[in-house]
Amino acid sequence: MELPEKIKAVEELFVRLDDHIRSFQQHTSLHCKAGCGKCCFKADIEATVLEFLPFAFYLHTQGKADEWYERLRQTDSSICLILNPAQAGAGLCSEYPHRGLICRLFGYSARTTKYGQRELVTCQIIKTEQTPSYQQAASEIEAGTLAVPVMNEYYMQLHAIDFELARDFYPINTAIKKALETVLQYMAYR
Ligand code: SF4
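Computed from a predicted model, the values in this text were never measured in an experiment. (Residues numbered from 1 in each chain as written. Predicted model: local features only at pLDDT ≥ 70, side-chain atom pairs only at ≥ 80, totals over all residues. Heavy atoms only, no water.)

A. Structural view of the site of the ligand. Around the ligand, the surrounding shell consists of Cys32, Lys33, Cys36, Gly37, Lys38, Cys39 and Cys123. With respect to the detected pockets, the ligand is housed in the largest pocket. Grouping the amino acids of the shell around the ligand by side-chain chemistry returns 4 nonpolar, 1 polar and 2 charged. (Near = heavy atom within 4 Å. 1 Å grid on protein atoms, 1.4 Å probe; cavity = no way out; pocket = protein on both sides within 12 Å on 5 of 7 lines; lining within 4 Å. Sits in = over half its atoms within 2 Å of the grid points. Nonpolar A, V, L, I, M, F, W, Y, C, P; charged D, E, K, R; others polar.)

So this is what it looks like as structure tokens:
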């Protein structure tokens, strides 16, 4: 598969996931606090290169790839550079339509425990401010009666697009930088 096809496949995966999350939210009524974004300030968020290829390609089409590459090369911050704490509105992600897989999954997905059970992965704010909805969703997931996006299943779908680019997890800014390198190299040699 050529790089543009891989990017298209990742974007299609995001559309399927967003639909899945939307129906999960409708069923559970779980939702993010308006204007929040606290989870994005975690310093240890990791991502794969593949999930940021759509963002990197978008930057290339906007003529912003080199500028962003320099910013990412020079930063020593472990907090995602896409985050804009000064942004007003619904959230703090300055590139929300192009966010990665982990950014979409967190809050509204389940992981599979070593005992094979599904467990909702969400934040403390949702757990404490929407406790009845959270507990209801958590017990339905545990009972297997609620369709929830499952993290490892979505990462398997990413692997199926490109195993190499989806295999390793990096600190989020490194993953974005590597995605830009991949796009810039492809554009330079095509
Ligand atoms: S998942 Fe939680 S911490 Fe993250 S934006 Fe939503 S409410 Fe805020």
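Further notes follow.
B. Just the layout of surface pockets, in detail. As a volume, the largest pocket reaches approximately 1,100 Å³. Taken together, 41 residues make up the lining of the largest pocket; nearest its centre are Cys32, Cys39, Cys40, Cys103 and Phe106. Listed by contribution, the elements that provide at least two residues to the lining of the largest pocket are helix H1 (3–28), helix H4 (101–105) and helix H5 (124–129). At 4 residues, the largest contribution of residues to the lining of the largest pocket is made by H1. (Points joined across faces, edges and corners; volume = space filled by probe spheres on them. Helix = DSSP H or I, 4+ residues; strand = E, 2+ residues; numbered from the N terminus.)

C. Representation of the pattern of salt bridges within the structure. The tally for this structure, following the rule as stated, stands at 12 salt bridges. Measuring nitrogen to oxygen at the nearest pair gives 2.8 Å for the salt bridge that ties Glu153 to Arg118. Taken together, the residues Glu153 in helix H7 (residues 151–161) and Arg118 in strand S3 (residues 118–121) connect sequence positions 35 residues apart. Under the relative-accessibility criterion, Glu153 is labelled partly exposed at 38%. In this structure, the salt-bridge partner of Asp168 is Arg167, at a minimum N-O distance of 3.4 Å. Assessed through its relative accessible area of 30%, Asp168 is described here as partly exposed. Arg167 gets classed as partly exposed once you look at its relative accessible area, which sits at 39%. Among the ionic contacts, a cluster of salt bridges with common partners joins Glu164, Arg167 and Asp168. (Salt bridge = Lys/Arg side-chain N within 4 Å of Asp/Glu carboxyl O. Buried < 20%, exposed > 50% of the residue type's maximum accessible area, 1.4 Å probe, protein only.)

D. Fine view of the packing of aromatic side chains. Within the structure shown, the criterion is met by 2 aromatic pairs. On the numbers, 5.4 Å between centres and 90° between planes, the contact of Phe55 with Trp68 is edge-to-face. Linking Phe55 in helix H2 (residues 53–61) with Trp68 in helix H3 (residues 65–74), this pair joins segments that are 13 residues apart in sequence. Just as Phe55 is buried, Trp68 falls in that class too. Above the plane of the ring of Tyr96 lies Arg99, whose end atom (NZ or CZ) is 3.7 Å from the centre. The ring centre of Phe14 lies 3.9 Å from the NZ or CZ of Arg104, which sits over that ring. (Phe/Tyr/Trp six-rings, centres within 6.5 Å; stacked < 30°, edge-to-face > 60°. Lys NZ or Arg CZ within 6 Å of the ring centre and 35° of its normal.)

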